[in-house]
Amino acid sequence: MSAYHLDAKLAQQIVARTMQIIDSNVNVMDGRGRIIGSGDDQRLGELHEGALLSISQERIVDIDEGVARHLHGVRPGINLPLRIDGQIVGVVGLTGNPSQLRQYGELVCMTAEMMLEQARLLHMLAQDSRLREELVLNLIRVDELSPALMEWAQRLGIDLNRPRVAAVVEVDSGQLGVDSAMAELQQLQTLLTTPERDNLIAIVSLTEMVVLKPALNSYDRWDPDGHRQRIDHLLSRMTETGRLRVRISLGNFFSGPGSIARSYRTARTTMTVGKQRMPEQRCYFYQDLILPVLLDSLRGGWQADELVRPLARLKATDGNGLLRRTLAAWFHNNVQPTATSKALYIHRNTLEYRLNRISELTGLDLGNFDDRLLLYVALQLDNDQM
């Protein structure tokens with residue numbers, strides 16, 4: 001018996017299609033001879049002995065009035081085995097005079113087998129897609145590829161030696177119902193795979209998708225700007241075709257063992273940090289947020305508490321945030337007084353006064369490199385970005 005199983009839904013579709021071809025009742029039996037599709041609802045679930053004969057003898061079975069009287073659940077007609085790859089998966093039965101039905105029987109059988117083959121191919125494609133998704137979900141979680149995982153990829157025709165970089169696509173939650181959100185995510189999958197880009201994609205949840213993109217360009221080089229352009233283009237396409245608002249973050253590119261999992265972790269953290277710092281933006285790149293992304297793992301630990309302590313003293317007094325904005329501008333302008341003064345539209349003496357006030361409140365000497373670094377790191381860890 002074939003590994004493919006004929007189900008009731010497909011059987012009823014075969015009945016509906018074939019009864020458009022001939023003016024006769026049609027039954028479809030599974031591989032055990034049970035009627036699972038019929039133009040006569042009363043016959044569903046019956047055991048059809050004519051189908052059992054057709055299956056056991058692997059041939060077309062004609063049943064006339066005389067034979068029908070000696071078989072259970074059988075009416076006069078013709079029973080034709082349905083084959084997939086040469087193996088019988090069920091039987092299609094036509095009710096009526098066998099001699100009159102034979103001319104239609106092979107046409108009906110061919111139609112039914114075409115529907116079976118189409119359904120099997122769709123099933124195989126769906127199964128392949130699910131296996132690819134499961135593989136991706138495993139790749140982003142493990143730091144070392146096991147032999148089993150490598151064999152799994154090989155069977156799916158996926159080259160794990162090809163360098164990849166992870167991107168996270170996050171859907172704004174609460175926009176649509178579950179069914180609509182899943183439909184939009186599937187549409188997004190199509191956008192990410194058409195035209196063929198060799199992207200490996202998995203839906204992690206109703207609000208998150210991960211994409212493992214080929215990392216290198218046609219010259220076998222890591223080209224972050226090229227990835228930026230493609231992501232911008234994708235967002236434009238999504239705006240035109242979809243209802244969902246999404247954010248995309250691109251992680252760092254690594255090579256060697258565990259590179260995909262590490263890239264995914266940087267992409268997830270880049271998304272978190274990006275939303276905190278730039279909530280109005282729709283895409284974030286690790287290369288733009290390296291330091292805050294790397295420092296993010298300190299959050300919630302005693303190290304972070306110690307690092308932000310001087311800044312906390314400043315915030316306690318700096319109610320309107322003026323000094324913190326001044327400090328941020330100073331660092332942004334590479335601690336250059338002239339450039340900082342111009343950026344803030346203030347006199348250099350005013351800047352010097354504010355910096356001295358910051359030193360006084362934090363207890364740190366801004367002329368000392370280590371103290372500067374401590375304060376800069378504290379700003380990177382600050383949840384209340386100015």
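Keep in mind it's a predicted model, so treat the numbers as computed, not measured.

(A) How the structure looks around the overall build of the protein. Tallying secondary structure elements over the protein gives 14 helices and 10 strands in all. The C-alpha atoms of the protein give 33 Å as radius of gyration, which overshoots the globular expectation for 386 residues (21 Å, by more than 25%). With respect to the three principal axes, the spread of C-alpha positions in the protein is 115 × 40 × 40 Å. Across the 386 residues that make up the protein, the buried fraction comes to 44%. Taken as a whole, the protein presents about 21,000 Å² of accessible surface, with 50% of it coming from carbon and sulfur. Side chains of the protein carry 43 positive and 47 negative charges; the gap between the two charge centres is 6 Å.

(B) Region of the structure containing the packing of helix 10 (residues 302-317) against helix 11 (residues 322-332). Remark: helix 10 packs on helix 11, axes separated minimally by 8 Å, with the N-to-C direction vectors making an angle of 135°. Between helix 10 and helix 11, the interaxial angle falls into the category oblique. Where helix 10 approaches helix 11, its residues Leu311, Leu314 and Lys315 are matched on the opposing element by Leu323, Arg324 and Leu327. Of the residues contributing to the contact of helix 10 with helix 11, the split by class is 4 nonpolar, no polar and 2 charged.

(C) The arrangement of helix 11 in detail. Along helix 11, the residues that are buried comprise Leu323, Arg324, Thr326, Leu327, Ala329, Trp330 and Phe331. Among the structural elements, helix 10, helix 12 (337-344), helix 13 (348-362) and helix 14 (369-381) are those in contact with the buried residues of helix 11. Positive backbone phi, at 55°, marks asparagine 334, one or two positions downstream of helix 11.

(D) Spotlight on the UniProt feature "domain: PucR C-terminal helix-turn-helix" (unreviewed entry) in the protein. Under the feature "domain: PucR C-terminal helix-turn-helix" (unreviewed entry), the UniProt entry names residues 323-380. Helix makes up 78% of residues 323-380 and strand 0%, and the two end C-alpha atoms of the span are 16 Å apart.

(E) Examining helix 14 more closely. The end-to-end C-alpha distance of helix 14, which contains 13 residues, comes to 18 Å, matching closely the 18 Å that a straight helix rising 1.5 Å per residue would cover. Along helix 14, the positions that sit buried rather than exposed are Asp371, Leu375, Val377, Ala378, Leu379, Gln380 and Leu381. Buried residues belonging to helix 14 abut helix 8 (259-277), helix 9 (290-295), helix 10, helix 11 and helix 13. Its side-chain oxygen 3.0 Å from the backbone nitrogen of aspartate 370, asparagine 368 forms the N-cap of helix 14.

(F) Geometry of the sheet that holds strand 8 (residues 208-214). What the 5 strands build is an open sheet, ordered 7-8-6-9-10; its pairing is mixed. Strands at the two margins of the open sheet, each flanked by one partner only, are strand 7 (200-205) and strand 10 (283-285). Neighbouring strand axes in the sheet, compared pairwise and without regard to direction, differ in orientation by 20° on average. With 3 bridges connecting them, strand 9 (residues 246-250) and strand 10 associate as parallel partners. Bridge pairing in strand 10 places isoleucine 248 opposite cysteine 283. The strands that helix 8 touches are strand 6 (164-171), strand 8, strand 9 and strand 10; relative to strand 6, the one it contacts most, it runs at about 35°.

Thresholds, definitions, all that
- Residues numbered from 1 in each chain as written.
- Predicted model: local features only at pLDDT ≥ 70, side-chain atom pairs only at ≥ 80, totals over all residues.
- Heavy atoms only, no water.
- Helix = DSSP H or I, 4+ residues; strand = E, 2+ residues; numbered from the N terminus.
- Rg over C-alpha atoms; globule rule 2.2 N^0.38 Å.
- Buried < 20%, exposed > 50% of the residue type's maximum accessible area, 1.4 Å probe, protein only.
- Areas by Shrake-Rupley, 256 points an atom, 1.4 Å probe, with all protein chains shown as cover.
- Lys, Arg positive; Asp, Glu negative; His and termini not counted.
- Charge placed at Lys NZ, Arg CZ, Asp CG, Glu CD.
- Axes fitted to C-alpha atoms, helices over the stretch in contact; angles between N-to-C directions.
- Parallel < 35°, antiparallel > 145°, perpendicular 65-115°, else oblique.
- Contact = heavy atoms within 4.5 Å.
- Nonpolar A, V, L, I, M, F, W, Y, C, P; charged D, E, K, R; others polar.
- UniProt positions renumbered as here; feature names shortened; annotations may be inferred.
- Expected span 1.5 Å × (residues − 1).
- Polar contact = N/O pair within 3.5 Å; in protein donor to acceptor, adjacent residues only side chain to side chain.
- Pairing = 2+ DSSP bridges.

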